[in-house]
Amino acid sequence: MKSFSPPTIRLMGPGPSKVSERVLAAMARPTIGHLDPEFIRLMDEIGSLLRTAMRTENDLTFPVSAPGSAGMETCLVNLLEPGDTAVVCINGVFGGRMKEVVERAGATAVVVNDEWGAPVTPDKVEAALQENPQSKLVAFVHAETSTGALSDAQQICRIAKNHGVLVVVDAVTSLAGVPLEVDRWGIDAVYSGSQKCLSCPPGLSPVSLNKAALACVEARKTPVQSWFLDLSLVAAYWQGDGARAYHHTAPVNAMYALHESLIALHEEGLEASWARHERESGVLQEGLSNLGFEFLVDKKYRLPQLLSIRIPEFVDDEAQIRRHFRNAFSLEIGAGLGPLAGKVWRIGLMGAGANRDNIDACLSALASIFET
Ligand SMILES: *Cc1c(COP(=O)(O)O)cnc(C)c1O
């Protein structure tokens, strides 16, 4: 046995995305105690950098010590109790996961279905809330990574507010890649992930909850069934003034990485990061169109940082092509999921990976499939 030495792969799938040298270097710094005053200072800085990135002033803004799926569970299992009703919008894989989490929390999911590749239809959310006035919240995915469709979060939030229900938003892929205005849009609970447009290694899930969401958590009649994700316990670890209560041991070095990636985002500027994703994606989309590829998602709802392209008819073993890309070009792109398996490839242009070099490499790999 020897030490593991990973190959150098150009990550252009649905995540993880490229991690820059400075973030990797930050992660390799010496581990310190998770209750050390310097680590607590780091936690505070991460909180404030996350508030800037999410455009929120929510006090309770911190990274859950687990991947994006844990952020999803944190929001839903804390806000829902057995017997509650939640409107869940499904237009891809991750909306479907939200429904599962809602149901495992003992709540009833009222599903708003849209086609895979289409955004969530706000009118359907309106209708679902009219028909189910007992609903406690609306949950939807802002940027559906399984298809590359962007939903109108602002409009859905407005509808939810009119009905006086909370809004839970999956911003795993949207954060730092497209505009996300947590406070301005009135999002009550939001979660994201470290390995998409934040360009960090996987394993952390930034979450943020506003006062209305926390009031709902405080008003619970039953304890949250998950001890680890129970916000009333974990919040004391992230927020205690000076005296932090031990809850779990934070992944110290992963926090160094997240901090560094948030500093990098701060230096670039959030709006500049949105603009870079838009601009670089435009270049990639033009190149893909020139090669003859068609997009799954209408231009109007197309996510800059994740493009689903239709696999050409003549390809009969798409997995073999992805293996070839991996072996001959050191390039990773994503497969289609669920009903889109074998029909689309998913190309990620996320965070530090949204650059011209990646675009050129991806286009030359894709061009090679037309040469026989
Ligand atoms: C990646 C992703 C998740 C899950 O994140 P993990 O870190 O894989 O647990 C959830 N929602 C969306 C939209 C995602 O893209």
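This one's a predicted model, so the numbers in the text were calculated from it and none came from an experiment.

Reading the values: the criteria
Residues numbered from 1 in each chain as written. Predicted model: local features only at pLDDT ≥ 70, side-chain atom pairs only at ≥ 80, totals over all residues. Heavy atoms only, no water. Core = buried A, V, L, I, M, F, W, Y, C linked by side-chain atoms within 4.5 Å. Buried < 20%, exposed > 50% of the residue type's maximum accessible area, 1.4 Å probe, protein only. Helix = DSSP H or I, 4+ residues; strand = E, 2+ residues; numbered from the N terminus. Domains from an automatic or database assignment. Contact = heavy atoms within 4.5 Å. Disulfide = S-S within 2.5 Å. 1 Å grid on protein atoms, 1.4 Å probe; cavity = no way out; pocket = protein on both sides within 12 Å on 5 of 7 lines; lining within 4 Å. Points joined across faces, edges and corners; volume = space filled by probe spheres on them. Nonpolar A, V, L, I, M, F, W, Y, C, P; charged D, E, K, R; others polar. Pairing = 2+ DSSP bridges. Axes fitted to C-alpha atoms, helices over the stretch in contact; angles between N-to-C directions. Buried area = accessible area lost by both parts, 1.4 Å probe. Salt bridge = Lys/Arg side-chain N within 4 Å of Asp/Glu carboxyl O. Polar contact = N/O pair within 3.5 Å; in protein donor to acceptor, adjacent residues only side chain to side chain.

Participant: Report on the nonpolar core, specifying residues and quantitative values.
Facilitator: The biggest cluster of nonpolar side chains holds 100 residues, and the ones touching the most others in it are Leu 76, Val 138 and Val 168. At nine residues, helix 2 (residues 37-54) tops the list of elements feeding residues into this core. Shared between two domains, this core holds at least three residues of each, these being domain 1 (10-15 + 270-368) and domain 2 (29-266). When residues no more than four places from it in sequence are discounted, the contact partners of Val 168 are Cys 75, Leu 76, Leu 79, Met 98, Leu 137, Val 138, Ala 139, Phe 140, Ala 189 and Tyr 191.

Participant: Help me get a handle on the state of the cysteines, residues and values and all.
Facilitator: For the coordinates displayed, the defined rule picks out zero disulfides. For the unlinked cysteine Cys 89, the closest cysteine sulfur is that of Cys 157, found at 11 Å. The class for Cys 89 is buried, based on a relative accessible area of 1%. Unpaired in terms of disulfides, Cys 197 finds its nearest cysteine sulfur in Cys 200, a separation of 12 Å. Given the relative accessible area of 5%, Cys 197 is considered buried.

Participant: Describe unusual backbone geometry, with residues and values.
Facilitator: Residue Pro 16 follows Gly 15 across a cis peptide bond; omega there is 5°. Phi angles above zero are rare outside glycine, and Arg 55 is one such case at about 55°. Overall, Arg 55 belongs to the partly exposed group, its relative accessible area being 24%. Its identity is not glycine, yet Ser 330 carries a phi of approximately 50°, on the positive side. With respect to the helices, strands and loops of the structure, Ser 330 is situated in the loop between helix 12 (318-328) and strand 12 (331-335).

Participant: Would you mind going over empty space enclosed by the protein in detail, with residue names and values included?
Facilitator: This model, assessed by the stated rule, comprises one cavity of 30 Å³ or more. The volume enclosed by the largest cavity comes to roughly 50 Å³. Phe 62, Pro 63, Val 64, Ser 65, Thr 74, Phe 228, Leu 229, Val 234, Trp 238 and His 248 are the residues that line the largest cavity. Going through the elements one at a time, strand 2 (60-64) and helix 9 (231-239) are the ones with two or more residues in the lining of the largest cavity.

Participant: Tell me about the layout of surface pockets, and name the residues and values.
Facilitator: Counted as a void, the largest pocket has a volume near 420 Å³. Taken together, 14 residues make up the lining of the largest pocket; nearest its centre are Thr 8, Ile 9, Leu 11, Lys 18 and Val 19. The residue inventory of the lining of the largest pocket, partitioned by class, reads six nonpolar, four polar and four charged.

Participant: So what about the pairing of strand 5 (residues 137-141)? Which residues, and what values?
Facilitator: The buried fraction of strand 5 is high, at five of five residues. Neither face of strand 5 is open: one carries Leu 137, Ala 139 and Val 141, the other Val 138 and Phe 140, and all of them are buried. Where strand 3 (residues 85-90) lies against strand 5, three bridges are found, and the strand directions are parallel. Paired with Val 88 across the bridge in strand 5 is Ala 139. Sheet topology places strand 5 next to strand 8 (residues 166-170); five bridges connect them, and they run parallel. Considered in strand 8, the bridge of Val 138 is made with Val 167.

Participant: Describe in detail the sheet that holds strand 11 (residues 306-310), supporting the description with residues and values.
Facilitator: Spatially, four strands are ordered 1-12-13-11 in an open sheet, and the strand pairing comes out mixed. With one partner strand each, in any of the chains shown, strand 1 (10-12) and strand 11 form the two edges of the open sheet. Shown here is a sheet whose adjacent strand axes are inclined to one another by a mean of 35°, direction ignored. The pairing of strand 12 with strand 13 (residues 344-348) spans two bridges and is antiparallel.

Participant: Describe the sheet that holds strand 9 (residues 189-191), with residues and values.
Facilitator: With respect to topology, seven strands assemble into an open sheet ordered 2-10-9-8-5-3-4, the strand pairing being mixed. At either margin of the open sheet sits one strand with a lone partner, and together these are strand 2 and strand 4 (108-113). Sheet twist, expressed as the mean angle between neighbouring strand axes with direction ignored, is 15°. Pairing geometry for strand 2 and strand 10 (residues 205-209), over five bridges, is antiparallel. Residue Phe 62 lies in a different strand from strand 10, and its bridge partner there is Val 207. Here helix 5 (residues 122-131) sits on the sheet in contact with strand 3, strand 4 and strand 5, set at roughly 150° to strand 4.

Participant: Now, about the domain arrangement of the protein chain: what can you tell me, with residues and values included?
Facilitator: Along its sequence, the protein chain is carved into domain 1 (10-15 + 270-368) and domain 2 (29-266). The gap between the C-alpha centroids of domain 1 and domain 2 is 27 Å. In total, domain 1 and domain 2 occlude about 2100 Å² of area from one another, counting both sides; carbon and sulfur atoms represent 66% of this. For the domain 1 face of the interface with domain 2, the top three residues by lost area are Leu 270, Trp 274 and Leu 303, together amounting to 31%. Taken together, the connections running from domain 1 to domain 2 amount to one salt bridge. Here domain 1 and domain 2 share nine residue pairs in polar contact (both at pLDDT 80 or more) between them. Among the elements of the structure, helix 11 (270-290) and strand 11 are those that each provide at least two residues to the side of domain 1 that touches domain 2. The class makeup of the residues in the side of domain 1 that touches domain 2 is 14 nonpolar, eight polar and three charged.

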